[in-house]
Amino acid sequence: MSKYIVNGGNKIEGRLSIRGAKNSVLPIMAASILNENISIIHNVPYISDVKFMIKILESVGCRVKYEDGTLTIDSTVISSGEIDEKYVTKMRSSIIIMGAMIGRLDYVKINHPGGCAIGARPIDLHLKAIKQLGIEIKEESGVLYCTKEDYKGSSINFEYPSVGATENAMLAAVKAKGTTKIYNPAREPEIEDLQDFLNSMGAKVTGAGTNYIEIEGVEKLGRAEHTVIPDRIAIGTYMMASAMTSGTLEVDKVVIPHMEAINDKLRMAGCEIEYIGDGLVLKSPKTIQAIDLVRTSPHPGFPTDMQAQMTALMSISNGTSLFYETIFENRFMHCEGLNKMGANIKYITEKICMVKGVKEFMGTKVKSPDLRGGASLILAALAAKGQSEITDIYHVERGYESIETVIKSLGGDIRKVD
Ligand SMILES: CC(=O)N[C@H]1[C@@H](OP(=O)(O)OP(=O)(O)OC[C@H]2O[C@@H](n3ccc(=O)[nH]c3=O)[C@H](O)[C@@H]2O)O[C@H](CO)[C@@H](O)[C@@H]1O
Ligand SMILES: C=C(OP(=O)(O)O)C(=O)O
């Protein structure tokens, strides 16, 4: 099994230039099913989740080509309404294919995605929203059978602003006759990016990014072309790596409002951040300042996808920080690895932990527990004294395109061993 060998102590600095957001490109790829035409998607990271989504699209009849950051998806022919069990159960986010398939076909069969390492992750809100559009969904032995009954626009009120459920509802509503009103949708930047992609193929979606989305159903959609937004989470991860190793990092392209929740915390930790041109420059503090409370919440709050990296940063701060993870019920698994590397983190409840800053991390052997948890262990290893070995890196490869090449280009001593 592949692993990373990291020799800590080098500054992570220089100029960072990476491709677009995983959490944008996955729903956008699903949305390409809707147009019976060609979709050209630029700024696509070649990560394992994207490769997996390509396989799903091909399995239902799409013709897909990836070249140098650009995906071309031809969905003229969709030959199957059945999504093979192995896809949905292996990549939880593939459930967003459901809404697009419903928009395109009369009958869809898909497995329930189940939970994953970071939490139970039910799909009740997805199903409730899609049913609201006149789709009958029957569940038998973990398989969902979806049939169009009285497919038309409707009002959908989310009791919680789920990202995936909002995306599924948008995808299913694009071709539903009449108007769909979505109240309390997720407001993450990736929702707005999906709206922009859908509108580029002729959909009529407004309001994404606010607490009300309106969709006017259309019968036919056409060719689409779109550039995926920068990956705020990957950028934030490299910024934290730089802050933890006393580096200065220049990022070539960011969307300022997408970065503010992360940058706010980095500033509280003592970093100086200046927006210059299309990008930003981060300067590290001499001493990382402890932040009393880090609480994750839906956008525009501090993202749960940055919580693990933030616990690594706070582990070498000058005080004590309390972390409150409000989104997922099992997202502190990386703390065991960080503690093995010398951190002082105590679990208070499944959603709260206390991080007491220590002088430094010590290199050792650790295992990635999940995607962002794995990233946090890499950050700790980069800042650590000595050598670390990080295994189970397939988690990290789901969301970071060749992280070892990027870190090496920024001065880090990391290599991947197959
Ligand atoms: C591919 C993708 O974009 N993944 C992101 C997406 O995941 P995802 O779309 O799965 O996250 P959600 O916003 O749906 O989940 C947030 C919370 O709502 C709960 N929930 C969700 C749906 C549902 O039907 N019922 C229910 O109870 C979940 O268990 C979780 O506790 O948003 C998360 C929250 O920002 C991010 O961490 C993930 O990186
Ligand atoms: C939890 C994440 O992704 P997914 O929803 O794909 O598991 C993430 O990107 O941190």
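Residues numbered from 1 in each chain as written. Chains lettered and ligands numbered in written order. Predicted model: local features only at pLDDT ≥ 70, side-chain atom pairs only at ≥ 80, totals over all residues.

1. Observations regarding the site of ligand 2
Okay, step 1: Neighbouring residues of ligand 2: Asn 23, Arg 92, Ser 93, Ile 118, Asp 305, Leu 371, Arg 372 and Gly 399.
Okay, step 2: Looking at the shell around ligand 2 residue by residue, the class counts come to two nonpolar, three polar and three charged.
Okay, step 3: Two domains each donate at least three residues to the shell around ligand 2, and these are domain 1 (3-18 + 230-417) and domain 2 (22-227). (Near = placed C-beta within 6 Å. Nonpolar A, V, L, I, M, F, W, Y, C, P; charged D, E, K, R; others polar. Domains from an automatic or database assignment.)

2. Digging into the sheet that holds strand E2 (residues 14-16)
Okay, step 1: Overall, mixed pairing links the four strands, which are arranged E2-E14-E16-E15 in an open sheet. Both edges of this open sheet fall to E2 and strand E15 (272-276), since each of them pairs with a single strand only. When strand polarity is set aside, the average angle formed by the axes of neighbouring strands in this sheet is 20 degrees.
Okay, step 2: Its contacts with the sheet place helix H8 (residues 232-244) against E2, strand E14 (248-251) and strand E16 (279-283), and it is angled at close to 160 degrees to E14. (Pairing = 2+ DSSP bridges. Helix = DSSP H or I, 4+ residues; strand = E, 2+ residues; numbered from the N terminus. Axes fitted to C-alpha atoms, helices over the stretch in contact; angles between N-to-C directions. Contact = placed C-beta atoms within 7 Å.)

3. Quick word on the domain arrangement of the chain
Okay, step 1: By the assigned domains, the chain splits into domain 1 (3-18 + 230-417) and domain 2 (22-227).
Okay, step 2: Computed over C-alpha atoms only, the centres of domain 1 and domain 2 are separated by 30 Å.
Okay, step 3: On the domain 2 side, the residues contacting the 19 residues of domain 1 number 15 residues.
Okay, step 4: Its residues placed into classes, the side of domain 1 that touches domain 2 shows seven nonpolar, four polar and eight charged.

4. Some details on the confidence of the model for the chain
Okay, step 1: Confidence in the prediction for the chain averages 97 pLDDT; 100% of positions are at 70 or higher.
Okay, step 2: Reported confidences for the modelled complex are a pTM of 0.98 and an ipTM of 0.99. (pLDDT = per-residue confidence, 0-100.)

5. Thoughts on the site of ligand 1
Okay, step 1: Around ligand 1, a shell composed of 21 residues is seen, among which Asn 23, Leu 125, Ser 162, Val 163 and Gly 164 lie nearest.
Okay, step 2: Elements represented by at least two residues in the shell around ligand 1 include exactly helix H1 (22-31), helix H5 (124-132) and helix H6 (163-173).
Okay, step 3: Of the residues assigned to the shell around ligand 1, the class counts are eleven nonpolar, seven polar and three charged.
Okay, step 4: Formed jointly, the shell around ligand 1 draws a minimum of three residues from each of two domains, domain 1 (3-18 + 230-417) and domain 2 (22-227).

6. Structural notes on the environment of Asp 305
Okay, step 1: Along the chain, the position of Asp 305 falls in the loop between strand E17 (293-295) and helix H10 (307-315).
Okay, step 2: C-alpha separation for the pair Asp 305 and Leu 338, spaced 33 residues apart in sequence, amounts to 17 Å.
Okay, step 3: Apart from the residues lying within four places of it in its own chain, the contact partners of Asp 305 are Ile 233 and Arg 372.

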